[in-house]
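# Structural description and commentary
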Amino acid sequence: MKHPNLLFIYTDEQAYGTLAAYGNRQISMPNLDRLARQSIVFDQAYVTQPVCTPSRSTLLTGTYPHTNGCIENNVPLLPEMQCLPEMMPAGRYVTGHYGKWHLGDELYAQHGFQEWISIEDAYNAWFSAGRDRSIRSSYHHFLLENGFRPHNGDTFGRGEAARLPEEYSKPAYLAREASQFLRRNRHEPFILYVNFLEPHMPFFGPRDSQYDPHDIRLPLNFEVELDGIRPLKARAFAEAYREWGHSSLTLQTPDDWRRMIANYWGLCSLVDTHVGTILSTLDACRLTDDTIVVFTSDHGDMMGSHGLLGKCVMFEEAVRVPLVIHLPGQTQGKRVSGPVSQIDIVPTLLDLMGQPVPPQLQGESLRGLLLDDRAKSTKDVFIEWNGSNTGIVGEERGQLRIPRKLQDMLPTAEVEAAVSDPIRTIITPYGWKLNWSARGEHELFDLWTDPGEMTNLIGRKEYASVVRELETRVHLWQERANDAACR
């Protein structure tokens with residue numbers, strides 16, 4: 001079909017290792033596993049920055065965060081930065097964005113999306129000047145219509161919504177709304193983006209009892225000592241989680257972490273069930289053969305690796321995500337090896353949908369890899385961290401709370417500088433990964449022999465030439481991408 005539909009499903013904070021396609025057969029994910037078996041699965045897909053707003057800016061615009069300005073959370077995407085629907089001929093598609101947006105003015109339709117279903121009321125404080133901050137999300141009104149009232153009399157907090165029965169959860173709500181969109185527009189070309197908040201924190205929900213923590217094996221790199229060859233930022237994060245825990249759970253013992261991971265898996269299965277509803281509706285409406293389906297996430301989650309939780313670091317668990325693309329009419333699955341970047345998703349979709357790739361985009365189409373039966377990516381991937389969004393538990397209103405252990409060891413200014421350290425990362429097709437730090441806390445890993453990133457090779461003389469070559473490639477990419485950081 002010359003101009004196929006697009007169904008773009010993305011989650012928030014879903015690590016690549018949550019799907020059977022990436023080796024995890026313990027989590028019940030029948031719908032996404034089925035989609036992966038019938039689609040192109042990218043073995044090594046990476047975000048451009050491992051935190052929500054910057055990553056989403058790339059997914060929607062095909063530009064790096066340093067280019068589009070969304071270098072930290074809650075920076076609005078500028079009106080002049082086009083999203084994919086705005087790159088399409090006017091009037092060709094019915095367009096919708098359903099779910100979390102996190103690119104500014106959360107509750108208002110924008111950037112070429114005509115239909116808009118919102119689920120988050122946490123971002124009204126960042127509305128543009130002149131916007132009505134008293135309005136509430138589509139999901140808020142859905143809950144009111146079903147007899148619920150917010151505990152604080154104003155908004156349903158994330159923790160409050162996460163404790164509701166599953167039929168009133170955000171995933172169930174989005175699946176129903178998205179299915180209605182598909183049925184309503186079954187005879188019209190459409191572009192529909194659906195974003196689930198889950199398995200993003202709070203790490204609890206209606207599926208907390210689905211997995212027994214005793215059946216969960218901790219990551220192999222769970223007890224890696226974060227000593228002096230690790231950046232201070234990672235050590236600060238680890239101490240913060242030990243001291244403060246997260247989502248009403250302590251994180252001081254291995255059993256604490258197993259409980260956290262079990263909850264996270266439950267959230268992944270929750271999303272899978274309701275993704276299944278959307279995919280079943282696509283089939284029932286006989287749209288599958290006319291629709292490109294994409295599944296990915298805006299970043300991963302450490303979930304115990306290196307003693308860490310969340311994102312905001314350059315370890316694989318945070319920067320690597322699932323990426324599955326199903327082409328219209330495809331019935332046989334295939335895999336693409338080698339590293340690829342989400343910077344290439346927008347140009348790939350434009351190419352598949354018969355549209356030219358605008359010159360401002362900073363990636364390139366992966367169509368050749370999609371159609372090659374023995375595809376392997378041979379390009380370097382580049383990831384950025386721009387020094388904001390420290391990610392430390394307890395960061396509130398711009399004030400950084402520092403774990404007691406670090407307060408006793410280091411000056412506050414040093415910890416603050418470390419957690420906001422800008423970084424540029426290169427991942428090569430040959431397994432090398434260099435994190436180039438503005439503070440000089442560099443890391444070199446050989447992902448082929450050390451996939452858990454347990455040995456930092458940066459200080460070893462025998463790898464000095466490798467470091468020099470990778471540093472040169474980082475700076476050449478920065479010149480091409482007009483990126484002045486970490487130089």
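Throughout what follows, the structure given in this document is the object of discussion. Note that this is a predicted model, so its numbers are computed, not measured. (Residues numbered from 1 in each chain as written. Predicted model: local features only at pLDDT ≥ 70, side-chain atom pairs only at ≥ 80, totals over all residues. Heavy atoms only, no water.)

## Considerations on the sheet that holds strand β12 (residues 432-437)
- Spatially, four strands are ordered β10-β11-β12-β13 in an open sheet, and the strand pairing comes out antiparallel. Across the chains shown, the open sheet's two edge strands, defined by having one partner strand only, are β10 (381-385) and β13 (443-446). Averaged over all neighbouring strand pairs, the angle between strand axes comes to 10°, with direction disregarded.
- Both strand β11 (residues 423-427) and β12 contribute to a ladder of five bridges, which runs antiparallel. Of the residues in β12, the one forming a bridge with I427 is K433.
- This element, helix α14 (residues 464-481), spans β10, β11, β12 and β13 of the sheet and lies at about 70° to β12. (Pairing = 2+ DSSP bridges. Helix = DSSP H or I, 4+ residues; strand = E, 2+ residues; numbered from the N terminus. Axes fitted to C-alpha atoms, helices over the stretch in contact; angles between N-to-C directions. Contact = heavy atoms within 4.5 Å.)

## Section: helix α10 (residues 345-352)
- Counting buried residues in α10 gives seven out of eight residues, a clear majority hidden from the surface.
- Along α10, the residues classified as buried are I345, V346, P347, T348, L349, L350 and L352.
- The first or second residue beyond α10 is G354, which carries a positive phi of 75°. (Buried < 20%, exposed > 50% of the residue type's maximum accessible area, 1.4 Å probe, protein only.)

## A look at the state of the cysteines
- Throughout the structure, instances matching the rule amount to zero disulfides.
- In this structure C268 is a free cysteine whose sulfur lies 15 Å from that of C52, the closest cysteine sulfur available.
- On the basis of relative accessibility, which here comes to 0%, the residue C268 falls in the buried class. (Disulfide = S-S within 2.5 Å.)

## A word on the pattern of salt bridges
- Tallied over the full model, the rule gives 26 salt bridges.
- Measuring nitrogen to oxygen at the nearest pair gives 3.2 Å for the salt bridge that ties D105 to R131. Placement of the pair is D105 in the loop between β3 (94-99) and β4 (115-117) and R131 in the loop between β4 and α4 (138-145), with a sequence separation of 26 residues.
- D344 is the partner of K379 in a salt bridge, and the nearest nitrogen-oxygen pair spans 3.3 Å. Of this pair, K379 sits in the loop between α11 (367-371) and β10 while D344 sits in the loop between β9 (334-341) and α10, and the two are 35 residues apart along the sequence.
- Judged by relative accessible area, K379 falls into the partly exposed class, the value being 30%.
- Here the residues in one salt-bridge network are D12, R56, K100 and D298, joined through shared partners. (Salt bridge = Lys/Arg side-chain N within 4 Å of Asp/Glu carboxyl O.)

## Let's talk about the layout of surface pockets
- There is about 870 Å³ of room inside the second largest pocket.
- Along its surface, the second largest pocket is lined by 27 residues, and G17, N24, P219, L220 and S305 are the ones closest to its centre.
- Counting residues per element, the ones that place at least two in the lining of the second largest pocket are α8 (254-284) and α9 (316-319).
- Ranked by residues supplied to the lining of the second largest pocket, first place goes to α8 with three residues.
- When the residues that make up the lining of the second largest pocket are grouped by side-chain class, the tally is 14 nonpolar, eight polar and five charged. (1 Å grid on protein atoms, 1.4 Å probe; cavity = no way out; pocket = protein on both sides within 12 Å on 5 of 7 lines; lining within 4 Å. Points joined across faces, edges and corners; volume = space filled by probe spheres on them. Nonpolar A, V, L, I, M, F, W, Y, C, P; charged D, E, K, R; others polar.)

## Some points on the side chain of N221
- Following the sequence through the fold, N221 ends up in the loop between β5 (190-199) and α7 (232-244).
- When residues no more than four places from it in sequence are discounted, the contact partners of N221 are S305, H306, E317, G452 and M454.

## Side note on α4
- Along α4, the residues that are buried comprise Y139, H140, F142 and L143. In an axial view of α4, the angular spread of the buried residues amounts to 160°, which keeps them on one side of the axis.
- Those residues of α4 hidden inside the fold are in contact with α5 (158-162) and α6 (170-184). (Arc of directions from axis to C-beta.)

## Examining empty space enclosed by the protein
- A complete count under the given rule lists three cavities of 30 Å³ or more for this structure.
- In this structure, the largest cavity occupies an estimated 150 Å³ of space.
- Forming the boundary of the largest cavity are 15 residues, of which P231, V313, M314, I423 and E443 lie nearest the centre.
- If you add up the space inside the second largest cavity, you get close to 120 Å³.
- If you go around the second largest cavity, you meet 16 residues; those closest to its centre are R158, A161, A162, K170 and E198.

## Section: the pairing of β12
- Most of β12 is tucked away: six of the six residues are buried.
- In β12, alternate side chains face the same way, and those of W432, L434 and W436 on one face and K433, N435 and S437 on the other are all buried.
- Here β11 folds back onto β12, and the loop between the two strands holds four residues, one of which, G431, carries a positive phi near 95°.
- As paired elements, β12 and β13 share four bridges and run antiparallel to each other. In the strand pairing of β13, N435 is matched with E443.
- The loop that links β12 with its antiparallel partner β13 comprises five residues; one of these, G440, has a positive phi angle of about 90°.

## Focus on the packing of aromatic side chains
- Tallied over the entire structure, the rule returns 24 aromatic pairs.
- With a centroid separation of 6.0 Å and an interplanar angle of 85°, the aromatic rings of Y16 and Y22 are classed as edge-to-face.
- Exposure remark for Y16: the relative accessible area of 19% places this residue in the buried category.
- Measuring from ring centre to ring centre gives 5.7 Å for Y211 and W265, while their planes differ by 90°; the resulting arrangement is edge-to-face. Taken together, the residues Y211 in the loop between β5 and α7 and W265 in helix α8 connect sequence positions 54 residues apart. Grouping residues by exposure puts Y211 and W265 together as buried.
- Here the aromatic residues F8, Y10, W101, F113, W116 and Y193 are joined through ring pairs into a cluster of three or more.
- We note R131 situated over the ring of Y108; from NZ or CZ to the ring centre the distance is 4.0 Å.
- Sitting over the face of the ring of Y16, R320 holds its NZ or CZ atom 3.9 Å from the ring centroid. (Phe/Tyr/Trp six-rings, centres within 6.5 Å; stacked < 30°, edge-to-face > 60°. Lys NZ or Arg CZ within 6 Å of the ring centre and 35° of its normal.)

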